[in-house]
Amino acid sequence: MPTSLKRLTDIAQKTSRLIVGLMSGTSLDGLDVALCRISGSGLNTKAEVLAFETFAYPPEIANLLEAVCFKPQVDLEKLCLLNAELGRLHGKLVKQFLQKNKVDKEAVDAIASHGQTVYHSPKKLRTEDSFGNATLQLGDADQISTETGIVTLSDFRQKNIAEGKEGAPLAVYGDYLLFRSAEENRVLLNIGGIANFTLLPKNGSFPELLSTDTGPGNTLMNQYVRANFANQSFDKDATLALQGKIDEALLSTLLQHSFFTQPTPKTVGPELFNLHYLADAIQKIGKNTISKTDILATLNRFTAEGIAQAINRSIKGRSSIFVSGGGVHNPLLMQNLQSLLPNFSFKNFRALGFNPDAKEALLFALLANETLAGDPSVFGEATLSMGKISLPD
């Protein structure tokens with residue numbers, strides 16, 4: 001047997017695997033790194049996050065990402081250069097993380113890299129062409145595996161696209177393996193750059209699950225803060241938004257996009273919900289004197305309204321909502337959600353035994369584990385394994 005195949009076979013036959021999950025979201029603020037111990041596979045999966053850290057991107061990388069992400073026209077040379085450079089950077093950050101946590105790289109079975117989304121284009125948001133769903137993530141995994149010497153899985157969304165789906169949200173697979181319940185209905189709400197949720201009905205089978213994007217999470221708020229408040233990348237503790245008040249006309253206009261009335265499941269990204277979208281809404285209402293803090297208060301409520309509308313349309317009866325992602329740390333956003341969804345019980349994702357900031361990195365480690373050692377039919381006969389494999393040699 002070739003050495004490379006034997007390596008993969010040996011990993012698959014282990015009773016547990018040490019996998020580093022990497023997640024870089026639409027907020028473009030850095031890389032989440034989670035060291036995960038995963039035992040078994042499929043419905044017998046057990047997992048724990050042994051260490052977690054978020055590494056901020058160097059300013060020059062952050063600026064380059066700002067220049068190419070979510071824009072229909074970009075400098076292709078920068079895009080090409082970034083694909084390799086991000087892979088090298090992610091590999092270096094993994095090595096730094098392992099050294100800091102005193103973990104020998106030889107003990108790590110695999111890295112699961114989501115990559116940096118630069119464009120997400122579901123067919124239903126386009127009308128002028130005959131192409132299907134598409135999505136693109138940067139951060140070449142061959143660079144990661146060569147830099148670290150560790151087997152690396154990446155590009156998880158493309159197999160989902162090939163199956164005719166939208167490539168997102170992929171959280172549903174890990175949510176089903178780890179967080180299904182025989183005692184209660186659960187809603188797992190993740191508020192990253194884009195907000196999404198998975199509905200896990202009590203004792204539900206995989207086909208009964210619903211996983212969907214709801215609209216902007218933190219992305220519009222973060223974009224606005226970066227553009228209007230010096231040396232700030234986000235509204236920490238909602239300090240700015242709490243100084244403002246909601247502009248009802250602006251809020252109503254922001255909510256008029258057809259995305260909000262489309263049936264679930266659906267996906268979206270900052271390609272739609274960006275500062276141009278905000279500027280168009282302000283122009284439509286004919287106001288140029290809205291204060292910056294009022295705009296932030298309105299954007300905060302806009303995120304909450306999008307989430308609440310999707311949950312109210314999709315879920316009947318009481319459920320517990322477990323919240324993860326950066327939005328869980330925004331007190332005004334949580335207050336808005338609780339006021340809009342009074343019949344739901346809100347809980348921090350930590351109640352399920354995991355760091356709410358590490359959830360997405362953990363979920364991609366779970367996908368890698370399934371590709372290496374699982375059987376994708378646990379998610380239904382139409383589901384195929386996800387993730388391309390890059391060997392270090």
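Here the structure is shown first, and the text comes after it.
Given the structure is predicted, the values throughout are model-derived calculations rather than measurements.

With respect to helix α9 (residues 275-285)
Next, step 1: Along α9, the residues classified as buried are Tyr277, Leu278, Ala281 and Ile282. Along the long axis of α9, the arc covered by the buried residues comes to 135°, so they all point the same way. Looking at α9, the residues exposed on the side facing more than 90 degrees away from the buried face are His276, Gln283 and Lys284.
Next, step 2: Its side-chain oxygen placed 3.0 Å from the backbone nitrogen of His276, Asn274 serves as the N-cap of α9.

Remarks on the packing of aromatic side chains
Next, step 1: The full count for this structure, using the stated rule, is 16 aromatic pairs.
Next, step 2: Here Phe179 and Phe354 contribute two aromatic rings whose centre-to-centre distance is 5.6 Å and whose plane-to-plane angle is 90°, an arrangement assigned as edge-to-face. One end of the pair, Phe179, is in helix α6 (residues 171-179); the other, Phe354, is in the loop between β11 (345-348) and α12 (359-373), with 175 residues separating them in the sequence.
Next, step 3: Residue classification places Phe179 among the buried residues on the basis of a relative accessible area of 2%.
Next, step 4: What makes Phe354 buried here is its relative accessible area of 10%.
Next, step 5: Relative to Phe302, the ring of Tyr277 lies with its centre 6.4 Å away and its plane at 15°, an arrangement referred to as stacked. Placement of Tyr277 in helix α9 and of Phe302 in helix α10 (residues 292-314) is noted, with a sequence separation of 25 residues between them.
Next, step 6: An aromatic cluster is built from Phe259, Phe260, Phe273, Tyr277 and Phe302, whose rings are joined through pairwise contacts.
Next, step 7: Sitting above the plane of the Tyr176 ring, Arg180 keeps its charged end 5.7 Å from the centroid.
Next, step 8: The ring of Phe229 carries the charged tip of Lys292 above its face, separated from the ring centre by 5.9 Å.

Overview of the pattern of salt bridges
Next, step 1: One pass over the structure, following the stated rule, counts 16 salt bridges.
Next, step 2: Between Asp294 and Lys245 there is a salt bridge, with the nearest N and O atoms lying 3.5 Å from each other. One end of the pair, Asp294, is in helix α10; the other, Lys245, is in the loop between α7 (219-228) and α8 (248-254), with 49 residues separating them in the sequence.
Next, step 3: Look at Asp294 and you get buried, because its relative accessible area is 15%.
Next, step 4: For Lys287, the salt bridge identified is with Asp247, shortest N-O distance 2.9 Å. Here Lys287, found in the loop between α9 and α10, pairs with Asp247, found in the loop between α7 and α8; they are 40 residues apart in sequence, far enough to count as distant.
Next, step 5: Assessed through its relative accessible area of 32%, Lys287 is described here as partly exposed.
Next, step 6: Asp247 sits in the buried class, given a relative accessible area of 11%.

Quick notes on the pairing of strand β4 (residues 110-121)
The side chains of a regular strand alternate, residue by residue, between the two faces of the sheet.
Next, step 1: Burial within β4 is extensive, with eleven of its twelve residues counted as buried.
Next, step 2: Note that strand β1 (residues 16-24) and β4 share five bridges and pair parallel. Bridge assignment links Ile19 to a residue of β4, and that residue is Ala110.
Next, step 3: Pairing between β4 and strand β6 (residues 152-154): three bridges, direction parallel. The partner of Ala112 across the bridge, within β6, is Leu153.
Next, step 4: Judged from the five bridges that link them, β4 and strand β5 (residues 134-138) form a sheet pairing that is antiparallel. Following the sheet pairing, Thr117 is matched in β5 by Gln137.

Rules of the game
Residues numbered from 1 in each chain as written. Predicted model: local features only at pLDDT ≥ 70, side-chain atom pairs only at ≥ 80, totals over all residues. Heavy atoms only, no water. Buried < 20%, exposed > 50% of the residue type's maximum accessible area, 1.4 Å probe, protein only. Helix = DSSP H or I, 4+ residues; strand = E, 2+ residues; numbered from the N terminus. Arc of directions from axis to C-beta. Polar contact = N/O pair within 3.5 Å; in protein donor to acceptor, adjacent residues only side chain to side chain. Phe/Tyr/Trp six-rings, centres within 6.5 Å; stacked < 30°, edge-to-face > 60°. Lys NZ or Arg CZ within 6 Å of the ring centre and 35° of its normal. Salt bridge = Lys/Arg side-chain N within 4 Å of Asp/Glu carboxyl O. Pairing = 2+ DSSP bridges.

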